[in-house]
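# A closer look at the structure
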Amino acid sequence: MSDRYTPRPEHKFTFGLWTVGNLGRDPFGEPTRPPLPPVEAVRLLGEVGAYGVNFHDNDLIPIDATPAERDQIVREFRGALREAGLVVPMATTNLFSDPAFKDGAFTSNDPKVRAYALQKTMHAIDLGVELGAETYVFWGGREGTESDTNKNPAESLKRFREAINFLCAYAQDQGYKLRFALEPKPNEPRGDIYLATVGAALGFIATLDHPEMVGVNPEVAHETMAGLNFLHAIAQAWDAGKLFHIDLNDQVVGRYDQDFRFGAVNLKSAFLLVKFLEDVGYQGMRHFDAHAYRTEDYAGVEDFARGCMRTYLILKEKAAQWNADAEIQALLRELPQDDGSTAAAFGGAYSAEKAAALKAASFDRAALGARGYGYERLDQLTNELLLGVR
Ligand code: GLT
Ligand code: MN
Ligand code: MN
């Protein structure tokens, strides 16, 4: 069945191997789905209409594979990609599963672990680039602490910076056309993870040797876990020219890391996010970093993947409808009631004259405080549009 919500390549919908390959394991229970080999995951993603597939090094190549095994796996994977018509836009490193990384990777207190993490990442970058990746994600899941008696956070940031600087230089040295994207998260699996929010990552990027090479990969669930407004984080990343990638999913505030299907929890936030991305003309991947409920079999996994993309496309249509809604647009136009006189007298760049004129100006403060903004109506109209009665 194909309708106007059918995903097409130009929508740039991608999934990680680890997303459709999630087996339903949780801290309290065993897997509920059998393993999904990477070539099968690619087939499934091709079937549901995704554009691309992303992976951690060890989603594809077992950590203890020989070089010959690695090359064989890459050959088979390439074949599956070709058959399914999928590309690999992003890759990343698993620096969290192996017990070697139990105290972090780039920020571990053990210098040998830090060196191993760099070595593993260089190999994983080679692998990603070999398969076509142009974005390389760094999610520092184990980069943190349970107790700050054990690691100095300032020292950890220095180590983190050194590692990213080293890897930027490595990628440049190889002539790779690659951009790095840091993915913040406040906690889980560590008690507290460094660079916990998009804002923290943006601040850190400015301290790097090659800040132009590094941006962010914000995830809906992660900012939400921190109790923050995801759209505001995205807007700041966009404003800074740093929205290199995005992880779409959903999450209830105050819960464990849920990674639900996009739009599963807060449709209105999802709508405003899609509207923002579409309005500003974000050209990057729409990556769904989510997984099916533990209750599902692989038919349910397909429902999950289709649901992510379908919801995005429906919300995209709603965003266009919102932009074209005469009543909504009239309310927006009324908002600032700008007759241009304020801008003429005080707007634009600073000048001593403007400052003096502004200081001498008189304002009708009571009138400024008395006016209504019409936000209740605007928000209700938005709700009604989303509820399908407009
Ligand atoms: C892990 C994490 C995600 C990250 C992935 C990239 S791995 O599943 O929960 O948010 O994006 O390392
Ligand atoms: Mn997550
Ligand atoms: Mn993610």
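Relevant structure appears above.
Let me begin by describing the structure that accompanies this report.

Rules used in this analysis
- Residues numbered from 1 in each chain as written.
- Chains lettered and ligands numbered in written order.
- Predicted model: local features only at pLDDT ≥ 70, side-chain atom pairs only at ≥ 80, totals over all residues.
- Heavy atoms only, no water.
- Helix = DSSP H or I, 4+ residues; strand = E, 2+ residues; numbered from the N terminus.
- Rg over C-alpha atoms; globule rule 2.2 N^0.38 Å.
- Contact = heavy atoms within 4.5 Å.
- Areas by Shrake-Rupley, 256 points an atom, 1.4 Å probe, with all protein chains shown as cover.
- Lys, Arg positive; Asp, Glu negative; His and termini not counted.
- Charge placed at Lys NZ, Arg CZ, Asp CG, Glu CD.
- Salt bridge = Lys/Arg side-chain N within 4 Å of Asp/Glu carboxyl O.
- Buried < 20%, exposed > 50% of the residue type's maximum accessible area, 1.4 Å probe, protein only.
- Donors = N, O, S within 2.8 Å, 3.2 Å for Na, K, Ca; no water.
- Near = heavy atom within 4 Å.
- Polar contact = N/O pair within 3.5 Å; in protein donor to acceptor, adjacent residues only side chain to side chain.
- 1 Å grid on protein atoms, 1.4 Å probe; cavity = no way out; pocket = protein on both sides within 12 Å on 5 of 7 lines; lining within 4 Å.
- Sits in = over half its atoms within 2 Å of the grid points.
- Nonpolar A, V, L, I, M, F, W, Y, C, P; charged D, E, K, R; others polar.
- Points joined across faces, edges and corners; volume = space filled by probe spheres on them.
- Pairing = 2+ DSSP bridges.
- Axes fitted to C-alpha atoms, helices over the stretch in contact; angles between N-to-C directions.

A tally of helices and strands in the chain yields 16 helices and ten strands. Against the compact-globule benchmark of 21 Å for 390 residues, the chain has a radius of gyration of 24 Å, which places it among compact chains. Once the C-alpha set of the chain is aligned to its principal axes, its extents read approximately 75 × 55 × 40 Å. For the chain, long-range pairs separated by at least 24 residues make up 78% of all intrachain contacts whose partners lie at least 6 apart in sequence. If you sum the accessible surface of the chain, you get close to 19300 Å²; carbon and sulfur atoms cover 54% of it. Averaging the locations of the 41 positively and 55 negatively charged side chains of the chain gives two centres separated by 2 Å.

One pass over the structure, following the stated rule, counts 22 salt bridges. Aspartate 57 is paired through a salt bridge with lysine 120; the nearest N and O atoms lie 2.8 Å apart. Here aspartate 57 is found in helix H3 (residues 57-60), whereas its partner lysine 120 is found in helix H5 (residues 111-130), with 63 residues between them in sequence. Here aspartate 57 falls in the buried class, since its relative accessible area comes to 7%. Judged by its relative accessible area of 7%, lysine 120 falls in the buried class. Measuring nitrogen to oxygen at the nearest pair gives 3.6 Å for the salt bridge that ties arginine 190 to aspartate 103. With arginine 190 in the loop between strand S6 (179-183) and strand S7 (192-193) and aspartate 103 in the loop between strand S3 (90-92) and H5, this pair connects stretches of sequence that are 87 residues apart. Its relative accessible area of 6% is what places arginine 190 among the buried residues. Judged by relative accessible area, aspartate 103 falls into the partly exposed class, the value being 24%. Through salt bridges with shared partners, one network takes in Asp103, Glu146, Lys151 and Arg190.

A word on the coordination of the manganese ion (ligand 2). For a metal with four tetrahedral donors the ideal donor-metal-donor angle is 109.5 degrees, whereas six octahedral donors ideally subtend 90 or 180 degrees. Only Glu219 (OE), His222 (NE2) and Asp259 (OD) from the protein reach the manganese ion (ligand 2) as donors, at distances of 2.1 to 2.6 Å. Within one chain, the residues serving as donors to the manganese ion (ligand 2) are arranged as E-x2-H-x36-D. Here the manganese ion (ligand 2) and the manganese ion (ligand 3) are spaced 4.6 Å apart, and both take glutamate 219 as a donor. Within this pair, whereas glutamate 219 is found in the loop between strand S8 (214-216) and helix H8 (220-225), its partner aspartate 259 is found in the loop between strand S9 (247-248) and helix H10 (267-280), the two being separated by 40 residues in sequence. The burial state of glutamate 219 is the same as that of aspartate 259; both residues are buried.

The environment of ligand 1 is made up of Trp18, His56, Thr92, Phe96, Trp139, Glu183, Glu219, His222, Asp247 and Asp289. The contact in question runs from an oxygen atom of ligand 1 to an N or O atom on the side chain of glutamate 183, over 2.6 Å. One of the side-chain nitrogen or oxygen atoms of histidine 222 is found 3.4 Å away from an oxygen atom of ligand 1. Contact with the protein chains covers 91% of the free accessible surface of ligand 1, which is 310 Å². The cavity where ligand 1 resides is the largest pocket. For the shell around ligand 1, the per-class residue count stands at three nonpolar, three polar and four charged.

With that settled, the discussion passes to empty space enclosed by the protein. Vacant regions in the atomic arrangement are exposed by a probe of water-molecule size rolled over the atoms. Enumeration over the complete set of coordinates arrives at two cavities of 30 Å³ or more. As for the largest cavity, its lining consists of 14 residues, and the residues nearest its centre are Gly140, Phe160, Glu183, Tyr194 and Leu195. Of all the secondary-structure elements, those providing two or more residues to the lining of the largest cavity are strand S4 (135-139) and S6. Considering only residue class, the lining of the largest cavity consists of nine nonpolar, two polar and three charged.

Before going further, it helps to examine unusual backbone geometry. In the segment running from glutamate 188 into proline 189, the intervening peptide bond is cis, with an omega of 10 degrees. Among the structural elements, proline 189 can be located in the loop between S6 and S7. The phi angle at glutamate 188 is positive, at roughly 75 degrees, despite the residue not being glycine. Notably, aspartate 259 is not glycine yet its phi reads approximately 50 degrees, a positive angle.

Moving on, we come to the sheet that holds strand S2 (residues 52-56). Taken in spatial order, the eight strands of this open sheet run S8-S6-S4-S3-S2-S1-S10-S9, and their pairing is parallel. The sheet terminates laterally at S8 and S9, the two strands that pair on one side only. Of the strand pairs in this sheet, strand S1 (residues 13-16) and strand S10 (residues 286-288) are connected by three bridges, and their pairing is parallel. Counterpart to phenylalanine 13 in the pairing with S10 is arginine 286. Lying over the sheet, helix H7 (residues 198-205) contacts S6 and S8, oriented at roughly 175 degrees with respect to S8.

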